[in-house]
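Take a look at the letters that make up each chain.
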Amino acid sequence: MKRWAMVAIVAAVAIGVTACGQPKEVAVDKEDGGNPLVADNQNITYGGDPSVLVDGDTVYLYTGHDASTDEEVSKAIYNIPEYLCYSSTDLVNWKEEGVVMSMADVSWDSNDTSAWASQVIKHKDPADGKDKYYLYYCSWDKTGKQCIGVAVSESPTGQFVDIGQPLVKSTVTKPNTSTFNDIDPTAWVETDEDGVEHRYLAWGNGMFFVCQLNEDMISVTDVNNDGKITSGKDALEADVVVRTEGLDTYTEAPWIYRRADENGNYYGPYYLFFAHQWRECMAYATTDDLLSGEWSDTVKIMNPTATSNTNHMAVFDFKGKTYFVYHNGSLPGGSGYRRTPCIVELSFNDDGSIDLFEESAAGISGKTTSITNMEKKVISHEAFINSVADSDYPYKDVAIGIDLPGTEGTADGEWVLRPGKADGANEAYVSIESENKPGLYITANSDGTVTLCQDTKASEVSAATQTFKTVEGLADKNAISFESVSQPGKYLTLVDGNLSLTDGKDKDNSTFLCSN
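The notes below deal with the structure included here. These numbers were taken from a predicted model, which means no experiment stands behind them. (Residues numbered from 1 in each chain as written. Predicted model: local features only at pLDDT ≥ 70, side-chain atom pairs only at ≥ 80, totals over all residues. Heavy atoms only, no water.)

Taken in spatial order, the four strands of this open sheet run E16-E17-E18-E19, and their pairing is antiparallel. Edge positions in the sheet fall to strand E16 (250-260) and strand E19 (299-302), since each of these pairs with one other strand and no more. For this sheet, the mean inter-axis angle between neighbouring strands, taken without regard to orientation, is 30 degrees. (Pairing = 2+ DSSP bridges. Helix = DSSP H or I, 4+ residues; strand = E, 2+ residues; numbered from the N terminus. Axes fitted to C-alpha atoms, helices over the stretch in contact; angles between N-to-C directions.)

Set out below in structure tokens:
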């Protein structure tokens, strides 16, 4: 049971008096970890389409480096010039490994700004018996179509060197339904109970393709030994198998995964996680055979994120637990073109199914805070499911208050207290992020209203509207009040149950309690 107390639970510490008659500033415990994984509001590096490689006791996280300018975002242009890598041994502290491959070093692509989704696989090179790392990725070729590429390195942190030509060309996967059918590669390698190694590569937007790889990991297996690589629906005849049929509203971003026991032995069906519908939800289907098995029903496990139109997952095991990495646009200025990787733990039911879950600002390492009025009524944002309509974004007018319908006992009333976006070093500054709508912050609007908003501008002005100075409670010095940084002298106040901005004369309704 949650233990309620005064603001001391979040370690409020008096740090000075602003001016005669003004409430004393206090500092509260703030969360500078959790999600996103490798960036924060003061240190922004955008990167989308995350993938993960577990190599021994180290986890390597790869992203495309989202570098789109404001103008490019307004025109829906991806600018992704390179692949970035980060490493961690605890999934909490991450080391920047830098650029592992630049598109400027790829000879067959048509531009240097299309480092789309990738995945790295470790495998022993049959030529020299050494472990190598294979970066499967996609980009536009000089004919104006997407293709699957592969680059090789002797280290998981690169540099990766492209083999000089696409691994899979769009001319192989005909008939194409678009110029970008051949994107988002995912790979899987396992050895069966008979000691036979199986190497799979899968990919696709709108269409789902899967093939086998030769032992060299840089060529597709010619299944029928006819001297050419062709596609089709029959796994006994086609080298690249079209497996879209049976996948309900498959969009893109496939990821192959299989559960393993404590000894690392795989068991049960293959899971194919993928982006589902538009805006992109996360979903999965299972099969007993990646090349020819029937698909189970598609199960949706995550609704669209609150800040990005796309999503892309990586699912992996580490130290006895399974994790789900995804991306959203929760950093200042974020969007579907400026994304950032996040993580939650993934839970399976006894029958292997996965329930619907929400994105999380706290992630696997952060802490959440409940904020209440003096009568212990929880401050929450209004309950809503993220819309599938692009026109509903960005969110900027979500109501906040007490006794809102459908919020009791939900994460709608959980918050993550962040260092103040206007000045992260100021101990009395705080920004208040929604736990289940990451990237949406309590915001003091110029008209005196207070709503939950995304910061799409990443400006000093927008940072100030989402930053509050924490002071001793106006009605109780053992509690806390929040003074607007953008409108000094104005305080968060409950007015008719809704959070608003006032002069604080109603001291009781401008005073709050916090609890972890």
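The rest of the description comes next.
Moving on, we come to empty space enclosed by the protein. To find leftover empty space, one rolls a probe the size of a water molecule over the atoms. In the structure shown here, the tally under the stated rule is one cavity of 30 Å³ or more. Every residue lining the largest cavity is listed: Ile-371, Ile-379, Ile-432, Ile-442, Phe-482, Leu-492, Leu-499 and Phe-512. Partitioned by chemical class, the residues of the lining of the largest cavity number eight nonpolar, no polar and no charged. (1 Å grid on protein atoms, 1.4 Å probe; cavity = no way out; pocket = protein on both sides within 12 Å on 5 of 7 lines; lining within 4 Å. Points joined across faces, edges and corners; volume = space filled by probe spheres on them. Nonpolar A, V, L, I, M, F, W, Y, C, P; charged D, E, K, R; others polar.)

Here we come to the layout of surface pockets. Considering only enclosed or pocket space, the largest pocket measures out at about 940 Å³ in volume. If you trace the largest pocket, you find 38 residues lining it, with Val-54, Trp-188, Tyr-266, Phe-316 and Asp-317 closest to the centre. Partitioning the lining of the largest pocket into residue classes produces 19 nonpolar, eight polar and 11 charged. Of the voids in this model, the second largest pocket is the one considered here, and its volume is about 470 Å³. Lining the second largest pocket are 29 residues, with Asp-32, Pro-36, Val-38, Ala-39 and Asp-40 sitting closest to its centre. Grouping the amino acids of the lining of the second largest pocket by side-chain chemistry returns 12 nonpolar, 10 polar and seven charged.

Summed over all chains, the structure comprises 25 aromatic pairs. An aromatic cluster is built from Tyr-257, Tyr-271, Phe-273, Tyr-284, Phe-324, Tyr-326, Phe-348 and Phe-357, whose rings are joined through pairwise contacts. Sitting over the ring of Tyr-441, Lys-421 keeps its end group 4.3 Å from the ring centre. (Phe/Tyr/Trp six-rings, centres within 6.5 Å; stacked < 30°, edge-to-face > 60°. Lys NZ or Arg CZ within 6 Å of the ring centre and 35° of its normal.)

Moving on, we come to the side chain of Ser-114. Checked against the element boundaries, Ser-114 lands in the loop between strand E6 (95-102) and strand E7 (119-124). For Ser-114, a relative accessible area of 5% corresponds to the buried category. Setting aside residues no more than four positions away along its own chain, Ser-114 makes contact with Ile-80, Met-103, Cys-138, Ser-139 and Trp-140. (Buried < 20%, exposed > 50% of the residue type's maximum accessible area, 1.4 Å probe, protein only. Contact = heavy atoms within 4.5 Å.)

Taken across its five residues, strand E30 (residues 468-472) has five buried, putting it largely inside the fold. As judged from the two bridges shared by strand E27 (residues 429-434) and E30, these two strands associate in the antiparallel manner. Looking at E30, one finds that Tyr-429 is bridged to Lys-469. Relative to strand E31 (residues 480-484), E30 is paired through five bridges, and the arrangement is antiparallel. Note that in E31 the partner of Phe-468 across the bridge is Ser-484.

In the structure shown here, the tally under the stated rule is 20 salt bridges. Ionic pairing is found between Arg-258 and Glu-190, a salt bridge with its closest N-O pair at 2.9 Å. You can see Arg-258 sitting in strand E16 and its partner Glu-190 sitting in strand E11 (residues 186-191), a full 68 residues away along the chain. Glu-190 shares its class with Arg-258; the two are buried. Each of the salt bridges in this network shares a partner with another, and the network as a whole consists of Asp-55, Lys-122, Lys-124 and Asp-131. (Salt bridge = Lys/Arg side-chain N within 4 Å of Asp/Glu carboxyl O.)

Note that Asp-503 resides in the loop between strand E33 (498-502) and strand E34 (513-515). Setting aside its immediate chain neighbours within four residues, Asp-503 contacts Gly-489, Lys-490 and Tyr-491. Within the local environment of Asp-503, its side chain forms a polar contact with the backbone nitrogen of Lys-505, the two atoms lying 3.0 Å apart. (Polar contact = N/O pair within 3.5 Å; in protein donor to acceptor, adjacent residues only side chain to side chain.)

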